[in-house]
Amino acid sequence: MKKKNLLKVAALSAVLSAGFASCSSDDDADVNVVTGSQAALNQACADWKVARANWENTEAFLFGAADVYSIDPHTDTWPVAANDLADVLRDAKAMANLDNFIKTANSGILGYHGLEYVLFREGKPRDISQITNLEYEYICAVAKDLYHATATLEAAWDSKESNAERHQLALSYVATHHSINDDGDAEGSLGSFQNFGKAFKNPGTGDWSTALDATLEIISGCQDIIGEVGDSKIGLPFTGEDPTYIESPYAYNSITDFYDNIVSCKNALYGRMDATTPNEKSLIYFCQHAGNATLAAQANTVGVKLDAALAKIKGMKAPFALYYADASCKVAIDALGELDDALGEMAETLKGYAGNATVEKQCQVINENYVDNVVLATYRTLADNAQKLYQTIVKIKNGK
């Protein structure tokens, strides 16, 4: 599960009530405005949305490298710790060595949402005249770090280690970054580099003792994000338990985030990116054709509930940052609950095949396809577009 920076909620609340005030508005800060291009800033915002969608498409498989290397909290902690970010922009020591500072900084000022906070206001690109030099320097460093994090995810799931450049970036990332605790603070080394793609394909060599165990992890990963979207991302603001717990509030991207989270589940279960129907090596296809009427019915139900959940999320009143208490949110929460239940029932039936040699062999096929055509393919696209985002952000400043 994601480690959200819950102790920083008050910071977001203060920013919201202040009308999204700039983090460089303090009298002690350097408020010199960057000499830049509005067109380049607009393009950076467009590229942020693409890279953001790619990230949300990975959330059905946050086990492995994203968890072990703390990449999930390092790149996707929210709400933004806006007051802490303002302090950093006045910290001469930190600003003088940003690349190193960011490796161990509190996660509440980093990643997608640190970038979002500087780039967007009320769902639109900020006016270039509001971006300071310090903010520009900061988002360049954060975007570079984000690219290195995503390259590490790609390398860690590439069972063939086919991209030498990104493999080297991953080795460097693991050696220089730190694990992150529940408060968003760095607390120790990450250990050594592991290849999770190889381990998932070869049961008994890593975290999965059998092929069926690894296949069941596909379902578990989906259930984790389904529960998070329904119970936390939508549920905490909707119920009033925490109205400030809103993902992507500056870009007004919340509902797109939720939708893409469930797309990640569909891709995982259907065995390919941008899936519309299951491929023949997918988990759902196996369940539909295994000769077990109960399992086939459960798989078909999962497909129906997947599409229903996506439709209900798409039907939520937007933007979520303003309409988080709308009745459409409860409709989406209920649909997600039904999807979670359907997956749970399918998983229980699959567990009954433990020790079945024929099923183990088929699970091996499912898992190899899952690694190559879902996890690795998604992470590769993610890293490509995170690199593009970094390059676009650098171009915001004229002459760069």
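Scroll up for the structure.
The rules we used
Residues numbered from 1 in each chain as written. Predicted model: local features only at pLDDT ≥ 70, side-chain atom pairs only at ≥ 80, totals over all residues. Heavy atoms only, no water. Phe/Tyr/Trp six-rings, centres within 6.5 Å; stacked < 30°, edge-to-face > 60°. Buried < 20%, exposed > 50% of the residue type's maximum accessible area, 1.4 Å probe, protein only. Lys NZ or Arg CZ within 6 Å of the ring centre and 35° of its normal. Pairing = 2+ DSSP bridges. Helix = DSSP H or I, 4+ residues; strand = E, 2+ residues; numbered from the N terminus. Salt bridge = Lys/Arg side-chain N within 4 Å of Asp/Glu carboxyl O. Polar contact = N/O pair within 3.5 Å; in protein donor to acceptor, adjacent residues only side chain to side chain. Contact = heavy atoms within 4.5 Å.

### Focus on the packing of aromatic side chains
- Applying the stated criterion across every chain, the model contains 16 aromatic pairs.
- Look at Phe320 and Tyr324: their rings are 6.4 Å apart centre to centre, the planes differ by 65 degrees, and that puts the pair in the edge-to-face class.
- Residue classification places Tyr324 among the partly exposed positions, given a relative accessible area of 24%.
- An aromatic cluster is built from Phe61, Phe63, Tyr69, Trp157, Phe196, Phe200, Trp208, Tyr370 and Tyr379, whose rings are joined through pairwise contacts.
- Taking the ring centre of Tyr112 as reference, the NZ or CZ of Arg52 above it sits at 5.3 Å.
- Here the guanidinium or amino end of Arg121 rests over the ring plane of Tyr117, the centre of that ring lying 4.7 Å away.

### A closer look at the pairing of strand E4 (residues 186–189)
- Summarising the sheet, strand E3 (residues 178–180) and E4 pair through two bridges and their orientation is antiparallel. Within E4, the position partnered with Ile180 by the bridge is Ala186.
- Hairpin connection, E3 to E4: the antiparallel pair is bridged by five residues, and Gly184 has positive phi, about 85 degrees.

### Thoughts on the environment of Lys330
- Tracing the sequence through the fold places Lys330 in helix H17 (residues 327–351).
- With relative accessibility at 37%, the residue Lys330 sits in the partly exposed group.
- Each C-alpha atom of the pair Lys330 and Gly230 lies 8.9 Å from the other, and the pair is 100 residues apart in sequence.

### Some points on the pattern of salt bridges
- Enumeration over the complete set of coordinates arrives at 20 salt bridges.
- A salt bridge links Arg52 to Glu56, with the shortest nitrogen-to-oxygen separation between them at 3.4 Å. Of the two residues, Arg52 and Glu56 both sit in helix H2 (residues 38–56), four residues apart, roughly one turn of that helix. As far as burial versus exposure is concerned, Arg52 and Glu56 are alike and both buried.
- Note that Lys144 and Asp99 form a salt bridge whose closest N and O atoms lie 3.3 Å from each other. A residue pair is termed long-range when its members are at least 10 positions apart, and Lys144 in helix H9 (residues 133–157) and Asp99 in helix H7 (residues 98–104) qualify at 45 residues.
- Counted as one network, the salt bridges with shared partners bring together Arg52, Glu56, Asp76, Lys233, Glu247 and Asp257.

### Structural notes on the side chain of Asn261
- With respect to the helices, strands and loops of the structure, Asn261 is situated in helix H13 (residues 254–270).
- Of the polar contacts made by the side chain of Asn261, one reaches the side chain of Lys233; its length is 2.6 Å.
- Discounting residues that sit within four places of it in the chain, Asn261 has contacts with Glu56, Glu59, Ile225, Val229 and Lys233.

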